[in-house]
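# A structural walkthrough
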Protein chains: 2
Amino acid sequence: MTAELSTVRAQATGADVLLRTAAGRGVSVCFANPGTTEMPLVTALDRTPGLRAVLGLHENVCTGAADGYARITGHAALTLLHLGPGLANGLANLHNARRAGSPVVNVVGDHMSWHRSFDAPLTSDIAALARTVGAHHEICDPAAIAATTRFAIDEAERNGGVSTLVVPADFQQRAAPEPPAGQPARDVPRRRVDTDAVERVAREVRAAAGPVILILGGDGLSRAAQHAAGRIAAATGAVLYSETFPARAERGGGLPPVDRLPYFPEAAVQVLRPASAVVLAGAREPVAYFGYEGLPSRLARAETVHRLAGPGEDAEQALVMLAELIGASEPHGSGEAPPPEPDPGAALTGQSAGAALARWLPEHAVVSIEGGTCGYPFFTASAAAPAHTVLTNTGGAIGQGLPAALGAAIAAPERPVIAIQSDGSGLYTAQALWTMARESADVVVLIAANRAYNVLRTELSRHADAEAEAGPQALRLTSLDDPAMDWVSLARGFGVPARNAATAGELRDAFASALRARGPHLIQMEI
Amino acid sequence: MTAELSTVRAQATGADVLLRTAAGRGVSVCFANPGTTEMPLVTALDRTPGLRAVLGLHENVCTGAADGYARITGHAALTLLHLGPGLANGLANLHNARRAGSPVVNVVGDHMSWHRSFDAPLTSDIAALARTVGAHHEICDPAAIAATTRFAIDEAERNGGVSTLVVPADFQQRAAPEPPAGQPARDVPRRRVDTDAVERVAREVRAAAGPVILILGGDGLSRAAQHAAGRIAAATGAVLYSETFPARAERGGGLPPVDRLPYFPEAAVQVLRPASAVVLAGAREPVAYFGYEGLPSRLARAETVHRLAGPGEDAEQALVMLAELIGASEPHGSGEAPPPEPDPGAALTGQSAGAALARWLPEHAVVSIEGGTCGYPFFTASAAAPAHTVLTNTGGAIGQGLPAALGAAIAAPERPVIAIQSDGSGLYTAQALWTMARESADVVVLIAANRAYNVLRTELSRHADAEAEAGPQALRLTSLDDPAMDWVSLARGFGVPARNAATAGELRDAFASALRARGPHLIQMEI
């Protein structure tokens, strides 16, 4: 064994081949939380030019950051995770990445192949976990590492999804054949446009007897797509909505007014049911987020729904073609007035803080929104803001906002990143703050500190079967006071400078100074 | 629908029936992190006498606390988790619970049964996730709720394992038949003793030409079991070890000397290979924690291994019977001297802090150990401490120590709970501190702050295939400085009083004052 290993050292190891193949496909970041079974990959990172490792203190930070990175760049990052429990810890944000259609490639180390059948303590069913969020590939032969790695990356980028590559430690460690020289560079094929669908939708829109609604999602929320949608709206009177939780939406800078489809089904039904045509441009057919007795799952009337472009298709191009077919020429400006400057002495509410942040937003910001307290008011008000990009929680697994902001900051170091984060969900992955500090990521984290799972308070009051009054245990399960969390102290523990803001004036000053400084800053907004 | 619902309110709902059935089986605690699809269960908690809800800010806090609770009480607690992502977030500590043989019953809400096929954002494969850690049961009919709940609880307690009960929101909300009156109380059957195995082992031990080793695990680490093992050792010269990572080990108070089987396979092989007989008393056959090229997976010679009692059997009774058969009568006292009082001005090391904590340990403490820096030295030194109970990380999914300490404190409020916690693993589930504060749990948390993933540093240096020197990325991926975490600030953010200790004298004072005070306290030990 020793003789074999000493020859191995002169050659590329399986770990080298895996990482070089990834770098050869253009992958440049690895969000990592490794363990013993990933050590050959960890040491190979230093032998792989162009691949930067970023440590997360919890796997869900790594997977959420890879999702945020993919939404900004359109390309996959690697995650490096430790066995089944490491993958399990990252599944929640992989679920969100799957819903976002983000390419993410997980590299999961496994026990030495010859050690797996002994059921050592960390052994578990990695494949079953991986398959709940996407594709699963297992390396069973060092000769297959290059091709399987390339396949997993291309598959994730082509399909917009999660691929997991499981690599036993011995195959990382042993010699493996180099990837073939002169591999074609990564080239994600242009997504397809269904021209028949475009023509069909053009006829339906022209023929519609009543209101027309366009729901934009995926590529349908690019700037070009929204401009085209604005022209269609100007020509036809159609009303524009985005998906309720877009993976990435361009906003502001003169784009036409686009609000998010309402979250609660009563309100969504009120919007959608009167329509004669509901056109899906990169969005899925709208369904209720949760089922409620007496309310439908499908929010629009089935016979009014028309698919211009599905989530896997080129919605931007389809909208441009539809605008041409309809003959729309003059785009609508947003026409929205920015929200007024708030009274500096006024106490903060979710509404006032969200609107004020939209007013003060710097140009070209990336805004990661998680939670409704400030998130909804911000989105509504930000139509009048400078051009910016919004990321939201696509899959509902909370703890996504801070990691996504981290990933966006790694992807676009030249852009300011703002995380508008509710406190309850922020506590799931607060460890992301530490990585922001280590990487000097320019992220301003704004915590909406209302100290409750407010959405659950709303659900308690909606809950048709509940007693008139929620009991003490129910209230306690939806409250985050007793003790009140102190995010200022928490952030400092993670190495992030932080301050509190109780009034609009304090928030304005704190926000301005955080934007001027380098590295992450946290502001706890007392809501 | 409205008429049906209004009649439902007068009757028990499915949620009521589920919780009453659990309470009827003696379940008294529910570690909860609920969402919208669990609201009927949340409101029903206030209608279920005897069932206490404890909120965790992350699901892995809930599942780890349920594991700690089960190790102390021998009985299952419920967890209440939200859909697939909620279960996914709790899987790591369920993996540890499975390895510990702890009964844990997860109650996971699902979408309304009629809403599931619409693939709303939070929809995922809950069953696949659940099956990676144990049994999975799905409620498909309100009439089945009582029986299925009873089955899941009894199964978890009888088998020592994890059961997951998935309950769609509509079946929680609708009327369901009450559990039959006069259910037999929960009665976990006495585990079985294989008397043939006891007789066979007695013959082997008597006939052994060379050293005999007893490896104690499970019930084989009770006080009575260790006293019996001590008598066997006195009569035969056998050497006693515990599993490397016992779920629960009684320690101190005059028990015979029992060390943990070494973690690294070289050291374990040195212990085990010379033995003529290796007797397993509640322990599994020892295998390497990780595989290493050139080292075996099976640590003992196969022909020397004899099973006195498997992990599912009554190892305590088997050891008592074996001691009788062998004719051993006089138990060995520990004979170990307590470690000396350290110089108050001395800087702390992992070794000195671990030994000092063993010296200062109060009687009847529960000690939750995660991480080796102080954990190994503490365990070695604690043989001479007053009687106490040690819990360790059984499955290697890190982030187990603080939740387990929380669960132990809920299970045994009359006992002091000490968490000896390495910093890297503690960061996975630091949110447990908040629940300790809310529940005024008497836990003293001792953080071994060496600011590195030290075990990975060791692995890097062991890693046969690495370059002579680890590169900058490898070092950065195993380091927790830059920035240095400040656990004092972090703990205060979660509402837990905290202080720093850099010397043995500071540690002694801080530990003594934390033990005197009520509620949780954290001490950051500068190692």
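Structure first, text after, so check above.
Heads up: these notes are all about the structure in this document. (Residues numbered from 1 in each chain as written. Chains lettered and ligands numbered in written order. Predicted model: local features only at pLDDT ≥ 70, side-chain atom pairs only at ≥ 80, totals over all residues. Heavy atoms only, no water.)

### Comments concerning the overall build of chain A
For clarity, the threshold we go by: Secondary structure is summarised from DSSP: a helix means a run of H or I of at least four residues, a strand means a run of E of at least two, and numbering begins at the N terminus for each. Working definition: with a 1.4 Å probe on protein chains only, accessible area under 20% of the residue-type maximum means buried, over 50% means exposed, and in between means partly exposed. The contact definition used throughout considers only heavy atoms, calling two residues in contact when any of these lie within 4.5 Å. In this description, accessible areas are obtained by the Shrake-Rupley approach with a 1.4 Å probe, and a residue is regarded as covered only by the protein chains that are shown. Charge assignment in this entry is limited to Lys and Arg as positive and Asp and Glu as negative, and neither His nor the chain termini are counted. Here the site of a charge means NZ on Lys, CZ on Arg, CG on Asp, or CD on Glu.
Counting secondary structure elements, chain A contains 21 helices and 18 strands. Looking at chain A residue by residue over its 527 residues, the buried ones come to 64%. Considering only contacts within chain A whose residues lie at least 6 apart along the sequence, 81% involve residues at least 24 apart. For chain A, the accessible surface area stands at approximately 16,800 Å², while carbon and sulfur atoms represent 52% of it. Each charge class in chain A can be summarised by its mean position, and for the 42 positive and 53 negative side chains these summaries are 3 Å apart.

### Some points on the pairing of strand β13 (residues 366–370) of chain A
Residue and element names in this part refer to chain A. Quick reminder of the rule: Should DSSP find at least two bridges between two strands, the strands are taken to pair. By convention, a crossover is right-handed whenever its connection, traced from the first strand over the helix to the second and viewed with the strands pointing away, goes clockwise.
Extensive coverage of β13 is indicated by the burial of 5 of its 5 residues. The alternating pattern of β13 places Val366, Ser368 and Glu370 and Val367 and Ile369 on opposite faces, both of which are buried. Where β13 lies against strand β14 (residues 388–392), 4 bridges are found, and the strand directions are parallel. Counted as the bridge partner of Ile369 is Thr392 from β14. Regarding topology, helix α14 (residues 372–381) serves as the crossover connection from β13 to the parallel β14, and that connection is right-handed. Strand direction decides the pairing type here: β13 and strand β15 (residues 417–422), joined by 5 bridges, are parallel. Considered in β15, the bridge of Glu370 is made with Gln421.

### Quick look at the pairing of strand β4 (residues 104–110) of chain A
The side chains of a regular strand alternate between both faces of the sheet. All names here are of chain A. Among the 7 residues of β4, 7 are classified as buried, and the element is accordingly described as predominantly covered. Neither face of β4 is exposed, since Val104, Asn106, Val108 and Asp110 on one face and Val105, Val107 and Gly109 on the opposite face are all buried. Across 6 bridges, strand β3 (residues 77–82) lies against β4 in parallel orientation. Note on β4: the bridge partner recorded for His82 is Gly109. On the question of chirality, the crossover connecting β3 to the parallel β4 by way of helix α5 (residues 83–100) is right-handed. Pairing of β4 with strand β6 (residues 162–168), which is carried by 7 bridges, proceeds in the parallel orientation. Across the sheet, the residue bridging to Val108 is Val166, located in β6.

### Some details on the sheet that holds strand β14 (residues 388–392) of chain B
Residues and elements named next belong to chain B. Spelled out, the test is: Here the axes come from fitting lines to C-alpha atoms, over the contacting stretch only for helices, and the angles between their N-to-C directions go from 0 to 180 degrees.
Pairing within the open sheet is mixed, and its 7 strands lie in the order β9-β14-β13-β15-β16-β18-β17. A single partner strand is all that each edge strand has here, and the edge strands are β9 (249–251) and β17 (498–501). If you compare each strand with its neighbour and ignore which way they point, the axes differ by 20° on average. Across 4 bridges, the pairing between β17 and strand β18 (residues 521–526) is parallel. Bridging across to β18, Ala501 finds its partner in Met525. Across the sheet, helix α15 (residues 401–411) lies against β13 (366–370), β14, β15 (417–422) and β16 (443–449), angled at about 175° from β15, the strand it touches most.

### Some details on unusual backbone geometry
Cis geometry is found at the peptide bond from Asp482 of chain A to Pro483 of chain A, where omega equals -5°. Its place among the elements puts Pro483 of chain A in the loop between α19 (472–477) and α20 (487–493). For Asp119 of chain A, which is not glycine, the phi torsion reads 55° and is therefore positive. Take Asp119 of chain A: it is sitting in the loop between β4 and α6 (126–131). Phi is positive for His364 of chain B, close to 65°, though the residue is something other than glycine.

### Section: the interface of chain B and chain A
Let me state the cut-off plainly: One speaks of a salt bridge when a side-chain nitrogen belonging to Lys or Arg is within 4 Å of a carboxyl oxygen belonging to Asp or Glu. We define a polar contact as two N or O atoms separated by no more than 3.5 Å, with the added condition that, inside protein, one atom must be a possible hydrogen donor and the other a possible acceptor, whereas residues neighbouring each other in sequence contribute only through side-chain atom pairs. The residue classification treats Ala, Val, Leu, Ile, Met, Phe, Trp, Tyr, Cys and Pro as nonpolar and Asp, Glu, Lys and Arg as charged. All others, Gly included, are polar.
Of the residues lining the interface, 108 residues belong to chain B; the matching set on chain A comes to 108 residues. Its salt-bridge partner being Arg174 of chain A, residue Glu293 of chain B comes within 3.2 Å of it at the nearest N-O pair. The tally of links between chain B and chain A comes to 49 residue pairs in polar contact (both at pLDDT 80 or more). Take the side of chain B that touches chain A: its biggest share by element is 9 residues, from helix α5 (residues 83–100) of chain B. Partitioned by chemical class, the residues of the side of chain B that touches chain A number 52 nonpolar, 32 polar and 24 charged.

### A look at the side chain of His95 of chain A
Here His95 of chain A is to be found in helix α5. One polar contact links the side chain of His95 of chain A to the main-chain carbonyl oxygen of Pro121 of chain B, over a distance of 2.9 Å. Once residues within four sequence positions are removed from consideration, His95 of chain A is found in contact with Val133, Gly395 and Ala397 of chain A together with Pro85, Pro121, Leu122, Thr123 and Ser124 of chain B.

### Things to note about the packing of helix α4 (residues 59–73) of chain A against α5 of chain A
Between two packed helices, both the angle of their axes relative to each other and the distance between the axes serve to describe the pair. All names here are of chain A. Selection rule: Working definition: roughly parallel below 35 degrees, roughly antiparallel above 145 degrees, roughly perpendicular at 65 to 115 degrees, and oblique for all remaining angles. Each crossing gets its handedness from the near helix: less than a right angle anticlockwise from the far helix is left-handed, clockwise is right-handed.
Packing of α4 against α5 brings their axes to within 7 Å, and their N-to-C directions diverge by 25°. Judged by the inter-axis angle, α4 sits roughly parallel to α5. Note on packing geometry: the crossing formed by α4 with α5 is right-handed. Packed against α4, whose contacting residues are Glu59, Asn60, Thr63, Gly64, Asp67 and Arg71, the element α5 presents Gly86, Asn89, Gly90, Leu91, Ala92, Asn93, Leu94, Asn96, Ala97 and Ala100 at the interface.

### Comments concerning the nonpolar core
Filter applied, for reference: Working definition of a nonpolar core: buried Ala, Val, Leu, Ile, Met, Phe, Trp, Tyr and Cys residues. They are joined through side-chain atoms within 4.5 Å.
With 207 residues, the main nonpolar core has Phe31 of chain A together with Phe31 and Trp487 of chain B as its most contacted residues. Per element, the largest residue contribution to this core is 7 residues, and it comes from helix α15 (residues 401–411) of chain A. Once residues lying within four places of it in the same chain are set aside, the contact partners of Trp487 of chain B are Leu402, Asp423, Gly426, Leu427, Ala430, Leu433, Ile447, Leu522 and Gln524 of chain B.

### Points about the relation of the copies chain B and chain A
The test is simple: For the least-squares superposition of copies, only C-alpha atoms count, and only for residues with pLDDT at least 70 in both.
Taken as rigid bodies, chain B and chain A are interconverted by a rotation of 180° and an axial shift of 0.0 Å, the fit giving an RMSD of 0.0 Å. What the superposition gives is, in effect, a two-fold axis relating one chain to the other. Minimal C-alpha separation from the rotation axis in chain B is found for Leu490 of chain B, amounting to 2.3 Å. Looking at chain B, 100% of its interface residues are interface residues in chain A too, so the copies touch through the same face.

### Quick look at the sheet that holds strand β18 (residues 521–526) of chain A
All names here are of chain A. Read across the sheet, 7 strands follow the order β9-β14-β13-β15-β16-β18-β17 without closing on themselves; strand pairing throughout is mixed. Every other strand in the sheet has two partners, leaving β9 (249–251) and β17 (498–501) as the edge strands with one partner each. Ignoring which end each strand starts from, the neighbouring axes of this sheet average 20° apart.

### Remarks on α15 of chain A
The element α15 of chain A is largely enclosed, with a buried count of 11 among its 11 residues. If you check which residues of α15 of chain A are buried, you get Gly401, Leu402, Pro403, Ala404, Ala405, Leu406, Gly407, Ala408, Ala409, Ile410 and Ala411 of chain A.

### A few points about the packing of aromatic side chains
Two aromatic rings, taken as a pair, are described by how far apart their centres are and by the angle between their planes. The condition is simple: Only Phe, Tyr and Trp rings are paired, with Trp represented by its six-membered ring, and only when their centres lie within 6.5 Å; those with planes under 30 degrees apart are stacked, over 60 edge-to-face, the remainder tilted. A ring has a charge above it when a Lys NZ or an Arg CZ is no more than 6 Å from the ring centre and no more than 35 degrees off the ring normal.
One pass over the structure, following the stated rule, counts 12 aromatic pairs over all chains. Ring centres of Tyr263 of chain B and Tyr289 of chain B lie 5.0 Å apart, and the angle between their planes is 45°; this geometry places the pair in the tilted category. Linking Tyr263 of chain B in the loop between β10 (259–260) and α11 (265–272) with Tyr289 of chain B in the loop between β11 (277–281) and β12 (305–309), this pair joins segments that are 26 residues apart in sequence. An identical accessibility class is assigned to Tyr263 of chain B and Tyr289 of chain B; each is buried. With centroids separated by 5.2 Å and ring planes inclined at 75°, the aromatic side chains of Tyr289 of chain B and Phe290 of chain B adopt a geometry described as edge-to-face. Neither residue differs from the other here; Tyr289 of chain B and Phe290 of chain B are each classed as buried. Counting every residue linked through ring pairs, the aromatic cluster contains Phe245, Tyr263, Phe264, Tyr289 and Phe290 of chain A. A cation sits over an aromatic face here: Arg260 of chain A above Phe379 of chain A, 5.1 Å from the ring centre.

### A look at the pattern of salt bridges
All names here are of chain A. All chains considered together, the criterion is met by 44 salt bridges over all chains. One salt bridge in this structure joins Glu303 and Arg301, with 3.5 Å as the shortest N-O distance. Here Glu303 falls in the exposed class, since its relative accessible area comes to 57%. For Arg301, a relative accessible area of 30% corresponds to the partly exposed category. Across the pair Arg476 and Asp482 runs a salt bridge whose closest N-O atoms are separated by 2.9 Å.

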